[in-house]
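So you can see what is in the structure, the chains are spelled out below.
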Number of protein chains: 2
Amino acid sequence: MGDAEVEALLVTNLPDMRYLCGFTGSNAALVVTANKAVFFTDGRYTTQAKEETEGVRVVISPKSALKDACALLDASAKRASFDPEHVTVAQLAQMRSMISGKKRRGFFSPLESPLIAEMRMVKDADELKLMAKAADLGNRVFNAVLPHIRSGATEVEVAAGLEFFARSMGAEGMSFDTIVASGPRSALPHGHASRQKLPRNGFVTLDFGVILNGYCSDMTRTVCLGKPGPGERQAYDAVLRAQEAAVDAVRPGVTCGEVDEAARSVLRKEGLGRYFTHSTGHGVGLEIHEQPRIAAEQTLALKPGMVVTIEPGVYLAGKFGIRIEDMIAVTDRGNKVLTPVQKTLIGL
Amino acid sequence: MGDAEVEALLVTNLPDMRYLCGFTGSNAALVVTANKAVFFTDGRYTTQAKEETEGVRVVISPKSALKDACALLDASAKRASFDPEHVTVAQLAQMRSMISGKKRRGFFSPLESPLIAEMRMVKDADELKLMAKAADLGNRVFNAVLPHIRSGATEVEVAAGLEFFARSMGAEGMSFDTIVASGPRSALPHGHASRQKLPRNGFVTLDFGVILNGYCSDMTRTVCLGKPGPGERQAYDAVLRAQEAAVDAVRPGVTCGEVDEAARSVLRKEGLGRYFTHSTGHGVGLEIHEQPRIAAEQTLALKPGMVVTIEPGVYLAGKFGIRIEDMIAVTDRGNKVLTPVQKTLIGL
């Protein structure tokens, strides 16, 4: 906070709250100054807040945690910063209404850089262990569900099995809506599991993540029922080479844009560039989508401790789609793949 | 929009997007004027946006759907409204940056009342059918999981079973993290399923919801393993009477505050008022928490078509907790309980 010239900081974003003080509930506001941290929540969390939080004084607000936090700021600070990415226009109006007349104007100012997102972007050793555990659980879940991917089963049945294995093996939940997209539906990059039956011949894309100790995993594999046609086989091999090229590019000092380009240039050379309609990856941690973005023109350089996904794909509307995704930790010298599961085409 | 004196409206909130035009993806911006509706999303959703949306022109934005929507507004409107509850301070700055210099100041203004939330609060006949179906699926899931609630099983095993039944019976997902809180953990109103084993004697609170056709269900039952002690039995009966009193109060014209008071006064008379640490309920629909709030001092009057939860509870830290929750549709003359599952104490 000293570096960012912040006198007092109001935190409202829940994943940031968990990161800073351990609280996992659904309503809270945190005031941080140079010498104190005061945490406000509501009566539903009286017991939980005491059990979970560390390094903060806990206050139970009978009405509004946000307003009580602002009343404390009004009484104890000259000005305060907030995160404009996570405060709504309506919340800012509420916050301002708690500041006394003379001080109100200019009391709250948006952080100039995303202080907490930047802290969270680089994981410490404890976090890296937890992320490796979450990824490993995801790997085991994938291997457990493989025998259940068969022609005639519906996409939701596969998702149900996958999520049951995840829970049974210890996941606290899924980190996003499970994607099971088969046959022509595999051309929908975000095709949530539907009641459609898996075809006799065709691709099935599984994109899923588990939550373990609060940390998210994320991986995608595209498997094949029956025998792939020559066009399918060629496209699969191209996506795999693009994915491997981007994984190889991940190391400290390389920019996110360069990693994206590593994948994109392979697909371009194969004439598939225009079917790769999204960015190459994203940071992952307490949330499924975090900084950095692995996308074109991103100039941020990778640092040890970042954990990112590498997930190029191609989508031919009405025909098929393919995506292959790993979770990668940036290390001192290069990277470590946290999802070492078979990537050559799995035929079922 | 005419009534609200809105010339053009920018919509960014995803559940509102689904409500207004059917899109279920994760990134979109919608511009609505008196005579057109233009929908912006990114390349991941090219196929899905065409399949899902209705009544809008679809534009695929190569970079930012939000910025492209604002460029259209700049070119075609004198001013525009946005929902301050769902636009962040950072988004507003981005939006403003797209408006040409002279017009920028004052171009965007916050809606004075939550136009779309108010529309969504009152469900039409089709929505009510979908909500009844979602609630009915939740009821069947509860009945299916009951035999699996036994001493020695872990809370997450119960949650895994519940979620597997939900998926297998057709749910698209769960509407929130499943709560399975047993023994002293039942005193945590929001105790997500943990690795703790269910006790030989004690309460188990299950609070869960399914998503079906996009609509959320929500119900809670507290069941008992072994024989309840006299204090537990008395508290359970008090919560049940409080819950039934609030359900009985639900009809058109009654205020949300009056419904809350109906539950609260019963628990107060039993000396349990201070253990009822949250509000009585909330609206439910495409999102698990919608308007109205069933809470103290809420002056909004219920109307036919609203769907709300009624869920009083008591929480004695370190001892036990109890919550009973139904989903209720307000009808022309009274109400209809959408979760008619046994509420007298279920002993297992």
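The structure presented is a predicted model; accordingly, all values stated were derived computationally and were not measured. (Residues numbered from 1 in each chain as written. Chains lettered and ligands numbered in written order. Predicted model: local features only at pLDDT ≥ 70, side-chain atom pairs only at ≥ 80, totals over all residues. Heavy atoms only, no water.)

Caption draft 1: The overall build of chain A, seen in detail. A count of helices and strands for chain A gives 10 helices and 19 strands. Dimensions of chain A along its principal axes, counting C-alpha atoms only, are 70 × 40 × 35 Å. The 348 residues of chain A split such that 57% are buried. Within chain A, residue pairs in contact and separated by at least 24 positions form 65% of the contacts whose partners lie at least 6 positions apart. A total accessible area of about 14,600 Å² is found for chain A, and carbon and sulfur atoms account for 51% of it. Within chain A, one finds 41 positive and 40 negative side-chain charges whose respective centroids are separated by 3 Å. (Helix = DSSP H or I, 4+ residues; strand = E, 2+ residues; numbered from the N terminus. Buried < 20%, exposed > 50% of the residue type's maximum accessible area, 1.4 Å probe, protein only. Contact = heavy atoms within 4.5 Å. Areas by Shrake-Rupley, 256 points an atom, 1.4 Å probe, with all protein chains shown as cover. Lys, Arg positive; Asp, Glu negative; His and termini not counted. Charge placed at Lys NZ, Arg CZ, Asp CG, Glu CD.)

Caption draft 2: Structural context of the relation of the copies chain B and chain A. Taken as rigid bodies, chain B and chain A are interconverted by a rotation of 180 degrees and an axial shift of 0.0 Å, the fit giving an RMSD of 0.0 Å. The symmetry that links the two subunits is that of a two-fold axis. The C-alpha atom lying nearest the rotation axis in chain B is that of T88 of chain B; the distance is 1.9 Å. Both copies present the same face, since 100% of the interface residues in chain B are matched by interface residues at the equivalent positions in chain A. (Least-squares fit on C-alpha atoms with pLDDT ≥ 70 in both.)

Caption draft 3: Focus on the packing of aromatic side chains. Inspection of every chain in the model, using the stated rule, returns 13 aromatic pairs over all chains. These aromatic residues form a ring-pair network of at least three members: F23, F39 and Y45 of chain A. Over the face of the ring belonging to F276 of chain B we find R264 of chain B, whose NZ or CZ atom lies 4.1 Å from the ring centre. (Phe/Tyr/Trp six-rings, centres within 6.5 Å; stacked < 30°, edge-to-face > 60°. Lys NZ or Arg CZ within 6 Å of the ring centre and 35° of its normal.)

Caption draft 4: How the structure looks around the interface of chain B and chain A. Taken together, the contact pairs 37 residues of chain B with 37 residues of chain A. The junction of chain B with chain A conceals about 3,100 Å² of combined surface from both sides, 57% of it contributed by carbon and sulfur atoms. Interface area lost by chain B to chain A is led by R44, V89 and R167 of chain B, which between them contribute 22%. Applying the counting criterion to the chain B and chain A interface returns six salt bridges. Linking R195 of chain A and E172 of chain B is a salt bridge whose minimum nitrogen-to-oxygen distance equals 3.9 Å. At the boundary of chain B and chain A, one finds 13 residue pairs in polar contact (both at pLDDT 80 or more). The element contributing the most residues to the side of chain B that touches chain A is helix α8 (residues 155-168) of chain B, with eight residues. Considered class by class, the residues forming the side of chain B that touches chain A number 16 nonpolar, 13 polar and eight charged. (Buried area = accessible area lost by both parts, 1.4 Å probe. Salt bridge = Lys/Arg side-chain N within 4 Å of Asp/Glu carboxyl O. Polar contact = N/O pair within 3.5 Å; in protein donor to acceptor, adjacent residues only side chain to side chain. Nonpolar A, V, L, I, M, F, W, Y, C, P; charged D, E, K, R; others polar.)

Caption draft 5: Up close: the pattern of salt bridges. Applying the stated rule across the entire model yields 36 salt bridges over all chains. Across the pair D42 of chain B and R44 of chain B runs a salt bridge whose closest N-O atoms are separated by 2.9 Å. Taken individually, D42 of chain B and R44 of chain B each receive the classification buried, so the pair is uniform in this respect. Residues joined by salt bridges that share partners form a network here, namely D16, R120, K123, E287 and E290 of chain A.

Caption draft 6: Local environment of the sheet that holds strand β7 (residues 173-174) of chain A. All names here are of chain A. Read from one edge to the other, the open sheet built from three strands follows the order β7-β10-β11, with strand pairing classed as antiparallel. Each edge of the open sheet carries a strand with a single partner, namely β7 and β11 (215-216). The pairing of strand β10 (residues 210-212) with β11 spans two bridges and is classified as antiparallel. Note that in β11 the partner of L212 across the bridge is Y215. Sitting on the sheet, helix α7 (residues 125-145) is in contact with β10 and β11, with an inclination near 140 degrees to β10. (Pairing = 2+ DSSP bridges. Axes fitted to C-alpha atoms, helices over the stretch in contact; angles between N-to-C directions.)

Caption draft 7: Examining helix α4 (residues 89-97) of chain B more closely. For α4 of chain B, the complete set of buried residues consists of V89, A90, L92 and M95 of chain B. The inward-facing, buried residues of α4 of chain B abut β5 (80-82) and α4 (89-97) of chain A together with β1 (8-11), α3 (65-76), β5 (80-82) and β6 (108-110) of chain B.

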